[in-house]
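# Examination of the molecular architecture
This is what each chain is made of:
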Amino acid sequence: MTVLFPSLHTTPDKAALRFGEKSLTYAELAGVAGSLAQRLRGLSRIAVWATSSMETSVAVVAALAAGVPAVPLNPKLGERELAHIVSDSEPALVLAEPGVELPEGLRDVPREDVTLTGSAGELPPEPDDEAPALIVYTSGTTGPPKGVVLPRRAIASTLDALEDAWQWSADDVLVHALPLFHVHGLILGILGPLRRGGSVRHLGKFSTDGIAAALAEDGTMMFGVPTMYHRIATEVGGNPRLAEALRGARLLVSGSAALPVHDHQQITAATGQQVVERYGMSETLMNTSVRADGERKPGTVGVPLRGVELRLVDEAGAPIETSDGETVGEIQVRGPNLFTEYLNRPDATAEAFTGGGGWFRTGDMATRDADGYIRIVGRKATDIIKSGGYKIGAGEIENALLEHPAVSEVAVTGEPDDDLGERIVAWVVPSGEPPSEQQLADHVARLLTPHKRPRAVRFLTALPRNDMGKVMKRALNA
Ligand code: MCA
Ligand code: AMP
């Protein structure tokens, strides 16, 4: 049985978590999470209203300690998406920050507030390594998001592989402002430092000033999505305080989407730092990274992490043996970092793996150079959009927009965007008087979530279709 967070037992006085004015040492965290864990034991599954807060972190640590699978919920989820996740995951309880209002969609789920004081509790014995620990919802090309079931084994192995790749230690103080309902912010950004016995400083909300202040104070590492690094890159040349703070960091890590080489270059020019990129997925956790002690090659996501088997395959599914930096294939991976299944979706789980050998098909297209560095060049499915580091399925937005009375037909695509990487564009055939862009954005934000809202709406009299009647999305973007 793996002890997930040894420091809860071994370094009581060390700072573990800090959110603004709130902070907890390892002993305090063990106490509050232990007492909550005792109350959670035996429940089938719980939800966590995942605000960017200390309470969310305590709730997740408590659920892990109790061996109860936890579903982190984006607090901005719209009504349709929330209803789907609640009915799919059937949480017995929702843990929330005191005083935070929960939406109607959770009215049938009992609520328990997470408090940071009160009687200290004993941590229960460690659950089994294969026990489901977290269920993280992620979008596909069509249909509603699927729940990715992650066992403790995957979490421990990915975090230990990153210790090796980044020389990540108990001395590191991680600074970030990532949301806590996805793998990046929650597993890497909170559970990562806790597994190492280090500390986290979460900023609540991203700002370049917040990053500069935290790194200048005691931060040694920063995690962010490319949109955050792009905002830093745009500003850092004219902001000596930000440049100085970044210069002093031990390691800056970017992930969740590709960081453009231009942003890499601007940051390096102003700070001397070379941002390290790593590549992962909700289903696989982390697969590759540029190593802290390795050559930094901007525009690549580095080499496979310890324990991760990675291959590129051609269209026929045959492995590509050459490492010429040019031949493009789909990335497939295998290893202890992988998820167990999609919740309630054996069909989708079976489809995600190859028949022979159990390789997971990532859908990401890449090349490999002679040093084994992977460069991601695109995705197999055009219907997956990455915006602000969030994965978004075109199909779910199309379905939501079709429910709007003023929309007759619609196609959704992703378009390059300097800030977001890709922006969501809705191509709409109106049923009468065209609705306003704002109306359609609000409609999607209300049903799904605000980051899935279209950032541009273009009206057409008909969608371009091929002889089979299928919408030709490439023609729209041309
Ligand atoms: C705007 N807003 C609206 C509307 N329009 N709300 C409701 N209805 C509307 N019509 C609100 C938003 O909710 C938000 O509120 C504010 O306006 C601004 O939103 P927006 O422009 O969308 O974004 P932003 O605030 O500029 O955010 C950029 C960001 C964010 C901070 C970079 O995109 C972000 O945090 N991304 C991280 C994604 C991530 O963690 N991905 C990891 C998954 P308010 O200001 O109140 O918030 S990938 C993963 O886990 C894998 C494993 C991996 O590899 O990492
Ligand atoms: P998600 O399903 O939200 O976990 O997103 C996973 C996807 O994000 C991967 O399949 C990749 O397409 C993308 N991704 C993650 N990290 C990187 C990176 N460093 N460079 C390019 N794409 C990335």
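Look up: the structure comes first, before these words.
These numbers come from a predicted model, not from an experiment.

### Considerations on the site of ligand 1
- Around ligand 1, the surrounding shell holds 26 residues, and the nearest of these are Lys76, Lys205, Ser256, Arg278 and Asp442.
- Arg231 is positioned such that a nitrogen or oxygen atom in its side chain is 2.9 Å from an oxygen atom of ligand 1.
- Measuring from a nitrogen atom of ligand 1, one finds a backbone N or O atom of Gly388 at 2.9 Å.
- Alone, ligand 1 offers 1,100 Å² of accessible surface; in the complex the protein occludes 73% of this.
- Of all the elements in the fold, those that place two or more residues in the shell around ligand 1 are helix H6 (183-196), helix H8 (226-236), strand S13 (276-281) and helix H13 (437-447).
- Considered class by class, the residues forming the shell around ligand 1 number 10 nonpolar, 8 polar and 8 charged.

### Quick word on the nonpolar core
- Within the largest apolar cluster, 109 residues are counted, with the highest numbers of intra-cluster contacts made by Leu40, Trp166, Ile187 and Leu191.
- With 10 residues, helix H3 (residues 54-66) is the single largest residue contributor to this core.
- Residues contacting Ile187, with those up to four places away along its chain left out, are Leu134, Leu150, Ile155, Leu159, His182, Gly192 and Leu285.
- In this structure, Ile397, Ala400, Val412 and Leu448 belong to the second largest nonpolar core, which totals 20 residues.

### Points about the site of ligand 2
- Taken together, 15 residues lie near ligand 2, and Arg278, Ser282, Asp364, Lys386 and Lys391 sit nearest.
- The backbone of Ala258 places a nitrogen or oxygen atom 3.5 Å from a nitrogen atom of ligand 2.
- Measuring from an oxygen atom of ligand 2, one finds a side-chain N or O atom of Asp364 at 2.6 Å.
- About the coverage of ligand 2: the protein hides 92% of its 500 Å² of free accessible area.

### Some words on the side chain of His176
- The residue His176 is located in strand S9 (residues 173-176) in this model.
- In terms of polar contacts, His176 uses its side chain to reach the backbone carbonyl oxygen of Gly189, at 3.0 Å.

### A look at helix H5 (residues 152-166)
- Spanning 15 residues, H5 covers 21 Å between terminal C-alpha atoms, matching the ideal 21 Å at 1.5 Å per step.
- Where burial is concerned, most of H5 is hidden: 11 out of the 15 residues are buried.
- Those residues of H5 that fall on the buried side of the exposure criterion are Arg152, Ala154, Ile155, Ala156, Thr158, Leu159, Asp160, Ala161, Leu162, Ala165 and Trp166.
- Trailing H5 by a residue or two, Gln167 shows a phi angle of about 50 degrees, which is positive.

### Side note on empty space enclosed by the protein
- Evaluated as defined, the whole model comprises 2 cavities of 30 Å³ or more.
- Considering only enclosed or pocket space, the largest cavity measures out at about 110 Å³ in volume.
- Phe5, Leu8, Ala65, Leu123 and Glu126 are, among the 14 residues lining the largest cavity, the residues nearest its centre.
- Counting residues per element, the ones that place at least two in the lining of the largest cavity are helix H1 (7-10) and H3.
- Looking at the lining of the largest cavity element by element, the count peaks at 3 residues for H3.
- Class assignment of the residues belonging to the lining of the largest cavity gives a composition of 11 nonpolar, 1 polar and 2 charged.
- Its volume calculated, the second largest cavity comes out at about 30 Å³.
- If you trace the second largest cavity, you find it lined by Ala63, Leu64, Gly67, Val68, Ala131, Pro132, Ala133 and Arg152.
- Counting only elements with at least two residues in the lining of the second largest cavity, the list comes to H3 and strand S7 (132-138).

### So, the packing of aromatic side chains
- The full count for this structure, using the stated rule, is 8 aromatic pairs.
- Ring geometry for Trp166 against Trp168: centres 5.7 Å apart, planes inclined by 40 degrees, an arrangement best described as tilted.
- Given a relative accessible area of 2%, Trp168 falls into the buried group.
- Taken together, the aromatic side chains of Phe339, Tyr342, Phe353 and Phe360 make up a single cluster linked through ring pairs.
- The ring of Trp427 has Arg458 sitting right over it, with the charged end atom 5.2 Å from the ring centre.

### Examining the pattern of salt bridges
- Enumeration over the complete set of coordinates arrives at 33 salt bridges.
- Of the charged contacts in the structure, one is a salt bridge between Arg231 and Asp419, with a shortest N-O distance of 2.8 Å. A residue pair is termed long-range when its members are at least 10 positions apart, and Arg231 in helix H8 and Asp419 in the loop between strand S23 (407-417) and strand S24 (421-430) qualify at 188 residues.
- What makes Arg231 partly exposed here is its relative accessible area of 39%.

### Description of the sheet that holds strand S11 (residues 221-224)
- Read from one edge to the other, the open sheet built from 9 strands follows the order S2-S1-S10-S9-S11-S12-S13-S14-S15, with strand pairing classed as mixed. Here the strands that pair on one side only, and so sit at the sheet edges, are strand S2 (22-25) and strand S15 (303-304).
- Summarising the sheet, strand S14 (residues 285-289) and S15 pair through 2 bridges and their orientation is antiparallel. Bridge pairing in S15 links Ser289 to Val303.

Rules and cut-offs
- Residues numbered from 1 in each chain as written.
- Chains lettered and ligands numbered in written order.
- Predicted model: local features only at pLDDT ≥ 70, side-chain atom pairs only at ≥ 80, totals over all residues.
- Heavy atoms only, no water.
- Near = heavy atom within 4 Å.
- Polar contact = N/O pair within 3.5 Å; in protein donor to acceptor, adjacent residues only side chain to side chain.
- Areas by Shrake-Rupley, 256 points an atom, 1.4 Å probe, with all protein chains shown as cover.
- Helix = DSSP H or I, 4+ residues; strand = E, 2+ residues; numbered from the N terminus.
- Nonpolar A, V, L, I, M, F, W, Y, C, P; charged D, E, K, R; others polar.
- Core = buried A, V, L, I, M, F, W, Y, C linked by side-chain atoms within 4.5 Å.
- Buried < 20%, exposed > 50% of the residue type's maximum accessible area, 1.4 Å probe, protein only.
- Contact = heavy atoms within 4.5 Å.
- Expected span 1.5 Å × (residues − 1).
- 1 Å grid on protein atoms, 1.4 Å probe; cavity = no way out; pocket = protein on both sides within 12 Å on 5 of 7 lines; lining within 4 Å.
- Points joined across faces, edges and corners; volume = space filled by probe spheres on them.
- Phe/Tyr/Trp six-rings, centres within 6.5 Å; stacked < 30°, edge-to-face > 60°.
- Lys NZ or Arg CZ within 6 Å of the ring centre and 35° of its normal.
- Salt bridge = Lys/Arg side-chain N within 4 Å of Asp/Glu carboxyl O.
- Pairing = 2+ DSSP bridges.

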